[in-house]
Amino acid sequence: MDSRISGFYKFSIDERLDKIKEIIGLDEEEADNLRDTGSLGDETADRLVENVVGSLEIPVGVATNFKINDKDYLIPMAIEETSVIAAASKGAKIAREGGGIKANSTDPVMIGQIQLTNIKDPYGQKVDIIDAKEEIFELANEQDRTLVKFGGGARDIDVRVIDLGDEKNIVVHLYIDCRDAMGANAVNSMCEAVSEYLSDLTGGEPRLRIISNLADKRLSRAKAVFPKEELGGEDVVDKILESYYLAKEDPYRAATHNKGIMNGITAVTLATGNDTRAIESGAHSYASIDGRYKPLTYYEKNEKGDLVGSIELPTAVGTVGGATGVHPTAKANLKILNVDSSQEFGEVLASVGLIQNFAALRALSTEGIQKGHMSLHAKNIAMMAGAEGRMIDKVAKKLVESGEITSEKAQEILKNIN
Ligand SMILES: CC(C)(COP(=O)([O-])OP(=O)([O-])OC[C@H]1O[C@@H](n2cnc3c(N)ncnc32)[C@H](O)[C@@H]1OP(=O)([O-])[O-])[C@@H](O)C(=O)NCCC(=O)NCCSC(=O)C[C@@](C)(O)CC(=O)[O-]
Ligand SMILES: NC(=O)C1=CN([C@@H]2O[C@H](COP(=O)(O)OP(=O)(O)OC[C@H]3O[C@@H](n4cnc5c(N)ncnc54)[C@H](OP(=O)(O)O)[C@@H]3O)[C@@H](O)[C@H]2O)C=CC1
C-alpha cells in the first residue's frame with residue numbers, strides 16, 4: 001500500500017473516494033456510507049476541510065430541563081456515547097428543584113502569545129514594551145476593525161521573561177476581547193502584525209505568534225444546589241462528596257471525573273460547530289494550572305445538608321466565526337441553544353459541564369454507572385449482534401432483564417427470538 005498520492009487535494013470527492021476504494025479495497029456499501037456529506041452538501045464539505053471523501057454522522061440529541069440564571073434552555077448535544085444526554089437531563093431536573101443553575105463569566109478575552117528570541121536584556125526590554133502599550137493596541141486593533149466595531153479589540157498586555165536554559169525569551173501576551181467570536185483568527189493576525197513592531201522596538205527575533213488555548217482570561221462559572229431529598233438523603237450527599245475528594249487527591253480519578261464533565265461540554269461544542277480541541281485543551285490545561293491535575297468542579301455541603309456543586313473553566317467558543325455560520329446543522333443547533341452572546345454560551349457550557357459531572361457522580365455514588373449507562377447501551381449491543389427494526393428494543397429489554405449486557409448474550413437472545 002502506497003500512501004504517497006500526489007495532488008490528492010486537486011481531485012473531486014468522487015475521484016478521491018475511488019482512489020481510496022482502490023487502495024484499501026473498500027466495498028460499495030462501505031464507500032457509500034462514507035460518501036454522504038449530509039446537510040453540509042459536497043461543496044461546503046469540500047471547502048471546510050481538505051481532501052474530503054465524505055462525512056461522519058454523529059447523532060444530535062437535545063438535553064431538557066436546564067434552567068440557567070432563570071432562563072430555560074434546550075441543549076443540543078452531538079455525541080456518540082449512550083446515556084450522556086439522559087444523564088444531563090436528569091441532573092438538570094434535580095438542579096431545577098434546587099432553584100436552577102446560576103452562572104457568570106469574565107469578558108471574552110483571549111490571549112495571543114508573541115515569542116521574541118535573541119534578547120540580551122529581557123527585563124529592560126520588558127519595561128520598554130509596556131511603555132509602548134498604546135502603539136501596540138493601535139496596531140492590533142487595525143487588524144480587525146469589525147471586532148472593534150462590535151466593542152472588542154486589544155485590552156491589555158503582559159510581558160513574561162521565560163528562561164529556556166541557554167537564553168531568556170520574552171513572551172508578550174496580548175489580551176484581546178473577541179466579543180462573540182472564539183477569536184483564534186483575529187488574535188493570530190494581531191500577533192503577527194504586532195510582532196514586527198516588537199522586533200523593531202527590542203531588536204529581538206519574533207518566533208511563535210499564536211493564540212494560547214489556556215484561555216484563563218475567558219472563564220465561565222456555574223453553581224447549582226442539589227437538594228438532599230432529591231438525591232435520596234444526606235447519606236448520598238456524603239457519598240458524592242467522598243467521590244469528589246478522591247478526584248481532588250488522585251489524578252487517575254481526576255482524569256475520569258473531568259472526562260465526565262467534557263462529555264457534556266464537548267458535545268455542545270461539537271453540535272454548534274465550535275472547536276472541540278480548543279475547548280478540551282483549555283479545560284485540561286486549566287485543570288493543571290497549579291502544577292497538579294485537579295477536578296474542574298467543586299462540591300460542598302451547605303448548612304441544610306444539600307449538595308452544592310460549582311465549576312470554573314475557560315470557555316473559548318463563539319456564536320460567530322469558524323464553522324458556526326457555515327455548517328447548516330451547527331446553525332440550527334445554535335438557534336436551539338438560543339444564546340445572545342459568546343459569554344452567555346460560555347455560561348451554558350459551564351452549566352452543562354457541572355450538571356453532567358453531578359449526574360455521573362450521583363450514579364457512581366449510588367446504583368453504579370452500569371445500571372443507567374449499560375441499560376441504554378444495551379440497544380447498541382443488540383444492533384451489533386444483528387438486531388434490526390423493532391427487534392432492537394426487544395433484544396435490549398431482554399438483555400437488561402438478564403443483567404448480562406454482552407454481545408454473546410444478545411446473540412443468544414436474538415437466536416431464541418428468531
Ligand atoms: C441514565 C439515567 C439518567 C437514568 O436514570 P433514571 O433513574 O432511569 O431516570 P429517571 O426515571 O429518574 O428520570 C429523570 C429524568 O432523566 C431523564 N431521562 C431518564 N431516562 C432517559 C432516557 N432514556 N432518555 C432521555 N432522558 C432520560 C429525563 O429528563 C427524566 O425526566 P422525565 O422526562 O421522566 O420527567 C441515570 O442512570 C444516570 O444519570 N446515569 C449516569 C449516566 C452517565 O453519567 N453517563 C455518562 C457516560 S459514563 C462516562 O463516560 C463518564 C464517567 C461516568 O466515567 C465519568 C465519571 O467517572 O465521573
Ligand atoms: N489554537 C487554536 O485554537 C486555533 C484555532 N483556529 C480556528 O479558528 C477559528 C475561530 O477563529 P475566529 O477568529 O473566531 O473565527 P473567524 O475569523 O471565522 O470569525 C471571527 C470574525 O468574525 C467577525 N465578527 C462578526 N461579528 C462579530 C461579533 N459580534 N463578535 C466578534 N467578531 C465578529 C470579526 O471580524 P471580521 O468579519 O472582520 O473577520 C471576527 O474577527 C476556529 O475554526 C478554530 O478552529 C485557528 C488557529 C488556531
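- For the chain, an unreviewed UniProt entry supplies the name 3-hydroxy-3-methylglutaryl coenzyme A reductase and the organism Methanohalarchaeum thermophilum.
- What UniProt states about the chain under its Sequence similarities (unreviewed entry) heading is, verbatim, "Belongs to the HMG-CoA reductase family."

Topic: the pattern of salt bridges
Working step 1: Throughout the structure, instances matching the rule amount to 24 salt bridges.
Working step 2: Between Arg35 and Asp42 there is a salt bridge, with its nearest N and O atoms 2.7 Å apart.
Working step 3: Overall, Arg35 belongs to the buried group, its relative accessible area being 17%.
Working step 4: The residue Lys133 makes a salt bridge to Asp156 at a minimum N-O spacing of 3.2 Å. Of this pair, Lys133 sits in helix α6 (residues 133–142) while Asp156 sits in strand β5 (residues 153–163), placing them 23 residues apart in sequence.
Working step 5: Shared partners join several salt bridges into a network, and the residues in it are Asp14, Arg35 and Asp42.

Focus: the sheet that holds strand β6 (residues 168–177)
Working step 1: The strand order across the open sheet formed by four strands is β5-β6-β4-β7, and the pairing between neighbours is antiparallel. Here the strands that pair on one side only, and so sit at the sheet edges, are β5 and β7 (205–212). Between one strand axis and the next, the sheet turns by 20° as a mean value, whatever way the strands run.
Working step 2: As judged from the eight bridges shared by strand β4 (residues 109–117) and β6, these two strands associate in the antiparallel manner. Considered in β6, the bridge of Gln115 is made with Val171.

Examining the site of ligand 2
Working step 1: Among the 21 residues in the neighbourhood of ligand 2, the closest are listed as Asp144, Thr146, Gly183, Asn213 and Asp275.
Working step 2: Asp180 places a main-chain nitrogen or oxygen 3.0 Å from a nitrogen atom of ligand 2.
Working step 3: One of the backbone nitrogen or oxygen atoms of Gly183 is found 2.6 Å away from an oxygen atom of ligand 2.
Working step 4: Here ligand 2 has 920 Å² of accessible area as a free molecule, and 70% of this is covered by the chains.
Working step 5: Taken together, the elements giving at least two residues each to the shell around ligand 2 come down to α7 (145–149) and α8 (184–202).
Working step 6: Here the element with the most residues in the shell around ligand 2 is α8; it accounts for four residues.
Working step 7: Here the shell around ligand 2 spans two domains, since at least three of its residues come from each of domain 1 (8–105 + 219–367) and domain 2 (109–212).

Let's talk about the site of ligand 1
Working step 1: Taken together, 25 residues are adjacent to ligand 1, and Glu81, Ser83, Lys90, Arg253 and Lys259 come closest.
Working step 2: Within the side chain of Ser83, an N or O atom sits 2.8 Å from a nitrogen atom of ligand 1.
Working step 3: Taking Arg253, its side chain carries an N or O atom lying 2.8 Å from an oxygen atom of ligand 1.
Working step 4: Against a free-state accessible area of 1100 Å², the protein chains account for coverage of 66% of ligand 1.
Working step 5: If you list the elements that add at least two residues to the shell around ligand 1, you get β1 (60–68), α4 (84–97), α11 (251–271), α14 (342–365) and α15 (369–384).
Working step 6: Considered class by class, the residues forming the shell around ligand 1 number eight nonpolar, ten polar and seven charged.
Working step 7: Mapped onto the domain boundaries, the shell around ligand 1 takes at least three residues apiece from domain 1 (8–105 + 219–367) and domain 3 (371–417).

Calculation criteria
Residues numbered from 1 in each chain as written. Chains lettered and ligands numbered in written order. Predicted model: local features only at pLDDT ≥ 70, side-chain atom pairs only at ≥ 80, totals over all residues. Heavy atoms only, no water. UniProt positions renumbered as here; feature names shortened; annotations may be inferred. Salt bridge = Lys/Arg side-chain N within 4 Å of Asp/Glu carboxyl O. Buried < 20%, exposed > 50% of the residue type's maximum accessible area, 1.4 Å probe, protein only. Helix = DSSP H or I, 4+ residues; strand = E, 2+ residues; numbered from the N terminus. Pairing = 2+ DSSP bridges. Axes fitted to C-alpha atoms, helices over the stretch in contact; angles between N-to-C directions. Near = heavy atom within 4 Å. Polar contact = N/O pair within 3.5 Å; in protein donor to acceptor, adjacent residues only side chain to side chain. Areas by Shrake-Rupley, 256 points an atom, 1.4 Å probe, with all protein chains shown as cover. Domains from an automatic or database assignment. Nonpolar A, V, L, I, M, F, W, Y, C, P; charged D, E, K, R; others polar.

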